[in-house]
Amino acid sequence: MIFSRNVAGMTEVLQQATVGIAGCGGLGSNAAMLLVRAGVGSLVLADFDRVEVSNLNRQFFFQSDIGKPKVSTLADHLHAINPAVRITVHEKKLSRETVAATFEKCDLLIEAFDRADAKEWLIEAWCGAYPARPIVAASGLAGYGKSETMQVRRSGNIVVVGDGVSDMSEGLCAARVMIAAALEANEAIALLMAKGGAR
Amino acid sequence: MITVNNRDKLAWHEGMTVRDILTQMNYVYKLITVTVNGVLVPRDQYDTFRVPDGAQVTVFHLSHGG
């Protein structure tokens, strides 16, 4: 039984939950992996990109994935962890206009884009469409070290993890990207547990 | 009185907008998400959204990387 070591009461709630992942790169692929290991029952993945060799320094992909679409490849990896997880894939470039329909069935959305302007419109689109449903975003996860600057800030149904200032122009390293992805997943789990997993 | 990011205090005035708060706080970051009392204020409302006295305002800076 995959979840026999989970916290008591957690699996039953998370199995009923549906989580959207907007972007399947460094944040999204790792957050999705953590959520499946935690016992989340359904995921909706969206990304337009294909796996490149330069993704392998931080994303949940392998040499044999290079050139393949990220969403379907990530779904395969997640099914290799838990064959029973329900996954809907959208291989497309999201826009402000398509966010609501793409993630309509989701109890919660994980923001996992790389560009800050896209993070901004995603948060606006989600909160505009579903003001009562949480969104967990990340801002500031570049570089290495500075572990103590990684924070979780909350306001209403918005959670933002990360240091808030570091920019990907300084380079992205798996350790720090995965801290942010893990903080996003951990916050998502806590939010889903708090609301009982069902809308 | 307005509280920004659980820390800074600003004097409130009638008709105060989100833009007024960002200007007073000298926010230089272009890409941000703002909430007033936990509710998101879209960017196109920064000049018109009236912030009530006693409001808790949160400004999240969004930086590139993912």
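Just so we're clear, the structure is a prediction, and the values are computed from it rather than from any experiment.

A. Local environment of the overall build of chain B. Along the backbone of chain B there are one helix and five strands. Ordered by position from the N terminus, the helices and strands of chain B form the series β-β-α-β-β-β. Taken against the 2.2 N^0.38 rule, which gives 11 Å for 66 residues, the C-alpha radius of gyration of chain B at 11 Å falls within 12% of a compact globule. For chain B, the spread of C-alpha atoms along the principal axes amounts to about 40 × 25 × 20 Å. Every one of the 66 residues in chain B was classed for burial, and the buried ones make up 45%. Element-wise, carbon and sulfur atoms account for 51% of the exposed surface of chain B, whose accessible area totals about 3500 Å².

B. Quick peek at the nonpolar core. One finds A:Val19, A:Leu35, A:Leu43, A:Leu45, A:Leu78 and A:Ile110 to be the most contacted residues of the largest nonpolar core, which totals 44 residues. Not counting chain neighbours up to four residues away, the residues in contact with A:Leu43 comprise A:Val19, A:Ile21, A:Ala32, A:Val36, A:Leu78, A:Arg86, A:Ile87 and A:Thr88. Membership of the second largest hydrophobic core comes to 25 residues, among which are A:Phe103, A:Phe113, A:Ile135 and B:Leu62.

C. Structural context of the packing of aromatic side chains. Residue and element names in this part refer to chain A. Within the structure shown, the criterion is met by three aromatic pairs over all chains. Just above the ring of Phe48 sits the side chain of Lys93; from NZ or CZ to the centre is 4.1 Å. The residue whose ring lies beneath Arg133 is Tyr130, and the NZ or CZ to ring-centre distance is 3.8 Å.

D. The arrangement of the sheet that holds strand β1 (residues 18-22) of chain A in detail. All names here are of chain A. The mixed open sheet is built from seven strands, whose spatial order is β3-β2-β1-β4-β5-β7-β6. Sheet topology places β3 (86-90) and β6 (151-155) at the edges, where each strand pairs with a single neighbour. Averaged over all pairs of adjacent strands, the angle between strand axes in this sheet comes to 15 degrees, irrespective of strand direction. Pairing of strand β4 (residues 108-111) with strand β5 (residues 135-138), which is carried by two bridges, proceeds in the parallel orientation. In the sheet register, Leu109 faces β5, and the bridge partner there is Ile135. On top of the sheet, helix α5 (residues 116-129) reaches β1, β4, β5 and β7 (158-162); it is set at about 175 degrees to β5, its chief contact.

E. Seen up close, the sheet that holds strand β4 (residues 39-41) of chain B. Residues and elements named next belong to chain B. Strands sit in the order β2-β1-β5-β3-β4 across an open sheet of five strands; the sheet is mixed. A single partner strand is all that each edge strand has here, and the edge strands are β2 (8-10) and β4. Strand-to-strand twist of the sheet, defined as the mean angle between neighbouring strand axes without regard to direction, takes the value 30 degrees.

F. Broad picture of the interface of chain B and chain A. Taken together, the contact pairs 19 residues of chain B with 29 residues of chain A. Across the contact surface, chain B and chain A share one salt bridge. The shortest N-O distance in the salt bridge between B:Arg43 and A:Glu120 comes to 2.7 Å. Taken together, the links from chain B to chain A amount to 15 residue pairs in polar contact (both at pLDDT 80 or more). Mapped by element, the contributors of at least two residues to the side of chain B that touches chain A are β3 (32-36) and β5 (56-61) of chain B. Here the element with the most residues in the side of chain B that touches chain A is β5(B); it accounts for four residues.

Calculation criteria
- Residues numbered from 1 in each chain as written.
- Chains lettered and ligands numbered in written order.
- Predicted model: local features only at pLDDT ≥ 70, side-chain atom pairs only at ≥ 80, totals over all residues.
- Heavy atoms only, no water.
- Helix = DSSP H or I, 4+ residues; strand = E, 2+ residues; numbered from the N terminus.
- Rg over C-alpha atoms; globule rule 2.2 N^0.38 Å.
- Buried < 20%, exposed > 50% of the residue type's maximum accessible area, 1.4 Å probe, protein only.
- Areas by Shrake-Rupley, 256 points an atom, 1.4 Å probe, with all protein chains shown as cover.
- Core = buried A, V, L, I, M, F, W, Y, C linked by side-chain atoms within 4.5 Å.
- Contact = heavy atoms within 4.5 Å.
- Phe/Tyr/Trp six-rings, centres within 6.5 Å; stacked < 30°, edge-to-face > 60°.
- Lys NZ or Arg CZ within 6 Å of the ring centre and 35° of its normal.
- Pairing = 2+ DSSP bridges.
- Axes fitted to C-alpha atoms, helices over the stretch in contact; angles between N-to-C directions.
- Salt bridge = Lys/Arg side-chain N within 4 Å of Asp/Glu carboxyl O.
- Polar contact = N/O pair within 3.5 Å; in protein donor to acceptor, adjacent residues only side chain to side chain.

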